[in-house]
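Residues per chain, in single letters:
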Amino acid sequence: MDLDNFQVRVDKKYPEITNAKNDPNTVAILKNLASSANASELLGILTYVFQSVVADKSAEDIAKVLEEISVVEMTHLDMLLHAITEFGGVPKYEDAMGRQFHANYINYNLRLKDMLDQNIMAETRAIENYSNAINKVSNESLKALFARIIEDEECHIKIFKYLKDSVQFLSC
């Protein structure tokens, strides 16, 4: 399986945040997107890095794609953490309720097909979370950033579905 030519992100710039004002509600939304237990960027990074290490022994090409996707999620997390500061918050790894991120949130599944199924569900939830966030924030540049991140997450779903079909073919 040749996965070297996969694009793991959309080839389009991310919008910059402008006109940010201190806003606790926006900070809460950003914290949940960044580091909550529910389909956050931090969760995606740690899950995909774990999966890339586990998959490396049996599916080196899939492991490489998972690692590359985790780097895209790192870019998303970096932008969200900067946005938290721009809207007056402190970018701790915690959700809007102050619950710190915990490694127990990570999907430690060892079966490749199950990993990919759960990744598709997580990326779908992430898209839902970003779509909901677009409707809740008033800053237009932040809405544009969320919409741009959604494009990457949709790309990830396509990749995971392709990989899942390949894995089913290989019976992994």
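Residues numbered from 1 in each chain as written. Predicted model: local features only at pLDDT ≥ 70, side-chain atom pairs only at ≥ 80, totals over all residues. Heavy atoms only, no water.

Trainee: Before we move on, can you summarise the nonpolar core with the specific residues and values?
Mentor: Counting 48 residues, the largest nonpolar core has L30, L112, L142, F146 and F160 as the members making the most contacts within it. The set of elements that each furnish at least two residues to this core consists of α1 (24–35), α2 (41–55), α3 (60–86), α4 (112–136) and α5 (140–170). In terms of residues, this core owes the most to one element, α3, which gives twelve residues. Filtering out sequence-adjacent residues up to four positions away, L30 remains in contact with L80, A83, I84, F87, L142 and F146. (Core = buried A, V, L, I, M, F, W, Y, C linked by side-chain atoms within 4.5 Å. Buried < 20%, exposed > 50% of the residue type's maximum accessible area, 1.4 Å probe, protein only. Helix = DSSP H or I, 4+ residues; strand = E, 2+ residues; numbered from the N terminus. Contact = heavy atoms within 4.5 Å.)

Trainee: I'd like a rundown of the side chain of D152, residues and numbers included.
Mentor: Mapped onto the secondary structure, D152 falls in helix α5. You can call D152 buried: its relative accessible area is 0%.

Trainee: I'd like a rundown of the pattern of salt bridges, residues and numbers included.
Mentor: According to the stated counting rule, one finds nine salt bridges in the structure shown. Two residues, R111 and D114, come together in a salt bridge whose shortest N-O distance is 3.3 Å. Looking at R111, the relative accessible area reads 43%, which means it is partly exposed. K143 is paired through a salt bridge with E140; the nearest N and O atoms lie 3.7 Å apart. Of this pair, K143 and E140 both sit in helix α5, three residues apart, roughly one helical turn. On the basis of relative accessibility, which here comes to 56%, the residue E140 falls in the exposed class. (Salt bridge = Lys/Arg side-chain N within 4 Å of Asp/Glu carboxyl O.)

Trainee: Please give an account of the confidence of the model for the chain that cites residues and values.
Mentor: Overall, the prediction assigns the chain a mean pLDDT of 93, with 94% of residues at 70 or greater. By mean pLDDT, α5 is the weakest element of the chain at 91, and α1 is the strongest at 98. (pLDDT = per-residue confidence, 0-100.)

Trainee: Could you give me a rundown of the side chain of Q51, with the residues and numbers involved?
Mentor: Note on placement: Q51 falls in helix α2. When sequence neighbours within four positions are dropped, the list of residues in contact with Q51 reads L66, N107, M115 and N119.

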